[in-house]
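# Structure at a glance
As a plain string of letters, each chain reads:
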Amino acid sequence: MDKPYFIVNPVSGSGLAAQKFKEVSKLLEAKGVDFSFDYTAAPRHATALAKAAIERGKRLIAAVGGDGTVNEVAAATIGTDAVLAVLPFGTGNDFTKVMGFAKDVEGAADTIFNGTVKNADAAEVNGRPFINVAGLGFDVAVLKATEKFKNKYNGMLPYMLGIIDTLSHLKTMPLTIEHDGVTEKCDSIIMSVGNGQYIGGGMKAVPDAVIDDGLLDAIAVEGIDSRLKIATLLPRFISGTHARLPLAHATRCKALTIHCPGMTVNLDGELIPCDVAKFVLLENALRVRKCAQNA
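A brief report on the enclosed structure follows. (Residues numbered from 1 in each chain as written. Predicted model: local features only at pLDDT ≥ 70, side-chain atom pairs only at ≥ 80, totals over all residues. Heavy atoms only, no water.)

### A look at the overall build of the chain
- Within the chain, the regular secondary structure consists of 8 helices and 15 strands.
- Here the C-alpha atoms of the chain give a radius of gyration of 19 Å, agreeing with the 19 Å that 2.2 N^0.38 yields for 295 residues.
- Each principal axis of the C-alpha atoms in the chain carries an extent, and together these give about 60 × 40 × 35 Å.
- For the chain, buried positions account for 54% of its 295 residues.
- In the chain, of all internal contacts separated by at least 6 residues, the share reaching a separation of at least 24 is 71%.
- Total accessible area computed for the chain in this model is approximately 12,600 Å², and 52% of it derives from carbon and sulfur atoms.
- Treating the 31 positive side-chain charges of the chain as one cloud and the 32 negative ones as another, the clouds have centres 4 Å apart. (Helix = DSSP H or I, 4+ residues; strand = E, 2+ residues; numbered from the N terminus. Rg over C-alpha atoms; globule rule 2.2 N^0.38 Å. Buried < 20%, exposed > 50% of the residue type's maximum accessible area, 1.4 Å probe, protein only. Contact = heavy atoms within 4.5 Å. Areas by Shrake-Rupley, 256 points an atom, 1.4 Å probe, with all protein chains shown as cover. Lys, Arg positive; Asp, Glu negative; His and termini not counted. Charge placed at Lys NZ, Arg CZ, Asp CG, Glu CD.)

### A short note on empty space enclosed by the protein
- A full pass over the atoms with the stated rule returns 1 cavity of 30 Å³ or more.
- As for the largest cavity, its lining consists of 14 residues, and the residues nearest its centre are F138, I190, I199, M203 and F237.
- When residues of the lining of the largest cavity are assigned to their parent elements, the largest contribution, 3 residues, is made by helix α8 (residues 227–239).
- When the residues that make up the lining of the largest cavity are grouped by side-chain class, the tally is 12 nonpolar, 2 polar and no charged. (1 Å grid on protein atoms, 1.4 Å probe; cavity = no way out; pocket = protein on both sides within 12 Å on 5 of 7 lines; lining within 4 Å. Points joined across faces, edges and corners; volume = space filled by probe spheres on them. Nonpolar A, V, L, I, M, F, W, Y, C, P; charged D, E, K, R; others polar.)

### Let's talk about the side chain of T96
- Along the chain, the position of T96 falls in helix α4 (residues 94–99).
- For T96, a relative accessible area of 6% puts it in the buried group.
- With near-sequence residues (within four places) excluded, T96 lies in contact with V86, P88, F101 and K103.

### Examining the layout of surface pockets
- In this structure, the largest pocket encloses a volume near 1,200 Å³.
- Forming the boundary of the largest pocket are 49 residues, of which D67, G68, K150, D268 and G269 lie nearest the centre.
- Counting residues per element, the ones that place at least two in the lining of the largest pocket are α2 (45–55), α3 (67–77), β6 (128–130), α6 (138–146), α7 (157–166), β10 (198–199), β14 (255–267) and β15 (270–290).
- Here the lining of the largest pocket takes 6 residues from α3, the largest share from any one element.
- Taken together, the residues that form the lining of the largest pocket break down as 15 nonpolar, 22 polar and 12 charged.
- In this structure, the second largest pocket occupies an estimated 350 Å³ of space.
- In terms of lining residues, the second largest pocket is bounded by 18 residues, among which G137, F138, A141, K171 and M173 are the most central.
- Of all the secondary-structure elements, those providing two or more residues to the lining of the second largest pocket are β7 (133–137), α6 and β14.
- Of all the elements, β14 adds the most residues to the lining of the second largest pocket, at 5 residues.
- The class makeup of the residues in the lining of the second largest pocket is 10 nonpolar, 6 polar and 2 charged.

### Some words on the pairing of strand β12 (residues 216–222)
- Where burial is concerned, most of β12 is hidden: 6 out of the 7 residues are buried.
- Bridge count between β12 and strand β13 (residues 248–253): 6 bridges; the pairing is antiparallel. In the sheet register, A220 faces β13, and the bridge partner there is H249. (Pairing = 2+ DSSP bridges.)

### Some remarks on the packing of aromatic side chains
- On inspection of all chains with the given rule, the structure shows 6 aromatic pairs.
- Here the aromatic rings of F21 and F37 are separated by 5.2 Å at their centres, their planes lie at 65°, and the arrangement is edge-to-face. With F21 in helix α1 (residues 16–30) and F37 in strand β2 (residues 36–39), this residue pair connects regions lying 16 residues apart in the sequence.
- The class of F21 is buried, set by a relative accessible area of 1%.
- On the basis of an interplanar angle of 50° and a centroid distance of 5.9 Å, the ring pair of F95 and F101 is categorised as tilted. You'll find F95 and F101 in the same group, each marked buried.
- Through successive ring pairs, a cluster of aromatic residues spans F6, F21, F35, F37 and Y39.
- One residue, K31, lies across the ring of F113, its end atom 5.7 Å from the ring centre.
- In this structure, R56 packs its charged tip against the face of Y5, placed 5.4 Å from the ring centre. (Phe/Tyr/Trp six-rings, centres within 6.5 Å; stacked < 30°, edge-to-face > 60°. Lys NZ or Arg CZ within 6 Å of the ring centre and 35° of its normal.)

Structure representation (structure tokens):
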């Protein structure tokens, strides 16, 4: 087994990641596993640590934290022969829901001991990588509002409170979407482009996305004319049945471009301002270590 190198976000999950990593460490030490680790200290530090580790010859890089930490580590492993392992001890852990990573300490340790390697797709926007879901519009506004509640609550609750907060200043976006030689225009309240399916601790934003099918799934929902209507539709966003509504426009493709001056794109929790967003699928670009029973 390659000697695992762990990148731990000590503030992820309100400190839960650091606490559970100590428990995993004890199990690894008891098994005589030779491993090393570092703690992150700032945004994008995980990417720098992972790149440096790969340059030193490390080939099993484990992200310990939530989706943001996983995205940062994956940004370094995408397109290399290094394998990404995930100890999902953050707040939302949406990528975990797609990949089936073990969420308990014993299962996480067993993934390091006995896990198998699976190839998965990744994607990028304007050259910036992501592995799960990119979104714009209502999703971005909610993400910004959610930050106010993350220090108090875990799971989906901060996201739901962020939604309630966002409803007070609901806006639509004039989108021009290009894919496969087709140009579409719509005034949209939210658009999600998925390699994975989930956002916000379990909301099924892109229900038909498959992590290894070689395609991106995109869903744009047209503007809704009242806050009450979107509030009544929230259960559909959680379950993923919003994708079946007449207001929803679904696209499956390998690449697409979105034009919307002044927009902000959410890449697995990182906010990127731009006027044009060029999405490209990176087929089989990510090597992932999975728990043996979930392989």
